[in-house]
Amino acid sequence: MAARPYWKGQIRLALVSIPVEIYAATRAGAAITFNQIHEPTGKRIKYEKVVPGIGPVDVDEIVRGFEYAKGEYVLLDDKEIEGIRLESKKTLELTQFVDVDDIDAIYFEKPYYVTPADDLAEEAFIVLREALRRSRKIGLGQLAMRGREYVVSIKACGSGMVMETLRYADEVNKAASYFREIGDGEPDDELLDLATTLIDKKTGKFDASDFHDRYVDALKDLIERKKKGKTLNIDNNDKSPDPRGGNVVDLMAALKRSIGSTSKKVAPKKLDKVVPKIVPAKSRAKTPTRKHG
């Protein structure tokens, strides 16, 4: 069965309009969900919509309300909300273009595939796609979907395009409030060389299929064993090592061991250049360390 479009409309660039359809590019993973169960009876707990002092109410009697003061609401029905006219409900106008690396990754929210709506739209669609690819630009605009207006980006992707919803500035916490206590000093050159070498040895091409949710696998195994009535011995004592780092000498030794334990070999000449001697105590004292608290 063909997927249903998430949104239908047009992309507009100046006087050019391209009819398109947008499809969700992602889907929910194999997450394990739980229900609340009344243990004495083994029955599932359900929730009723109730009004204090009145009790359960009929779903048809429920409308939306905005609380403008304590206990005071403006009531709105679905037709009134649908009646709000925004041009971006049916048209995504590309109003700005930026370099592909200009937008911080934290602003990207959710991807969608964009396709031409029909054969007549295909030529203009391909022209826009290739222009974005050749210029290495991302198009920006605003689009209304499912009760809100989003800032969105459009970029070339294979033979189609990808639209991504972006977070507004007021939806992103300022990084400075979290990073202000992290030292801004330069790291020790020898430590930096070791870390860079380790990264180089572990560098490869990204393949999403290389990763899977091991927690879900463990939960499935737990559920299967419980279904078979097996007794489980749960060890709640966390014996994992302290994740907090040690001093500079420990860090250097750990990096050296890490390089030696990786499967990909490094030419001896290259390794000789980056394996340092132990840093004297005076030099180490100048190296900034991260505070813990």
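Remember, predicted model here, so these are calculated numbers, not experimental data.

Some words on a nonpolar patch on the surface
Judged by side-chain polarity, F66, Y68, V74 and L76 come together as a nonpolar surface patch covering roughly 400 Å² of accessible area. Along the chain, V74 turns up in strand β8 (residues 72-76).

Let's talk about the confidence of the model for the protein
In the predicted model, the protein carries a mean pLDDT of 81, and 82% of its residues have values of at least 70. Within the protein, helix α7 (residues 268-274) has the poorest average pLDDT of any element, 39, and strand β14 (residues 160-166) the best, 96. Note on residues 263-293: pLDDT is under 50 here. Beyond four places in sequence and across chains, it has 34 contacts.

A few points about unusual backbone geometry
Residues other than glycine seldom take positive phi values, yet A14 does so here, at roughly 60°. A relative accessible area of 58% places A14 in the exposed class.

As for the nonpolar core
One finds I11, L92, V114, L143, I154, M161 and M163 to be the most contacted residues of the largest nonpolar core, which totals 20 residues. Mapped onto this core, the elements with two or more residues apiece are β1 (7-13), β2 (16-24), β11 (108-116), α2 (119-135), β12 (137-145), β13 (148-157) and β14. Considering each element in turn, this core owes the most residues, 4 residues, to α2. Non-local contacts of I11, meaning those with residues more than four positions away in its chain, are made with V16, S17, I18, V20, L92, L94, V114, L128, I154 and M161.

Comments concerning α2
Compared with the 24 Å implied by 1.5 Å per residue over 17 residues, the 25 Å span of α2 between its first and last C-alpha is a close match. The set of residues buried in α2 consists of A121, F125, L128, R129 and L132. Backbone geometry just downstream of α2 places R136 in the positive-phi region, at approximately 55°.

Structural notes on the side chain of E21
Positionally, E21 belongs in strand β2. Notably, E21 is buried but unbridged: the nearest opposite-charge side chain belongs to K8, and the N-O separation is 4.1 Å. Among the polar contacts listed, one links the side chain of E21 to the side chain of Y23, at a separation of 2.5 Å. Among all residues touching E21, those that are not within four sequence positions of it are P5, W7, K8, Y113, V114, T115 and A117.

Calculation notes
- Residues numbered from 1 in each chain as written.
- Predicted model: local features only at pLDDT ≥ 70, side-chain atom pairs only at ≥ 80, totals over all residues.
- Heavy atoms only, no water.
- Patch = residues over 30% accessible without salt bridge, like charges linked within 9 Å, V, L, I, M, F, W, Y side chains within 5 Å.
- Areas by Shrake-Rupley, 256 points an atom, 1.4 Å probe, with all protein chains shown as cover.
- Salt bridge = Lys/Arg side-chain N within 4 Å of Asp/Glu carboxyl O.
- Helix = DSSP H or I, 4+ residues; strand = E, 2+ residues; numbered from the N terminus.
- pLDDT = per-residue confidence, 0-100.
- Contact = heavy atoms within 4.5 Å.
- Buried < 20%, exposed > 50% of the residue type's maximum accessible area, 1.4 Å probe, protein only.
- Core = buried A, V, L, I, M, F, W, Y, C linked by side-chain atoms within 4.5 Å.
- Expected span 1.5 Å × (residues − 1).
- Lys, Arg positive; Asp, Glu negative; His and termini not counted.
- Polar contact = N/O pair within 3.5 Å; in protein donor to acceptor, adjacent residues only side chain to side chain.

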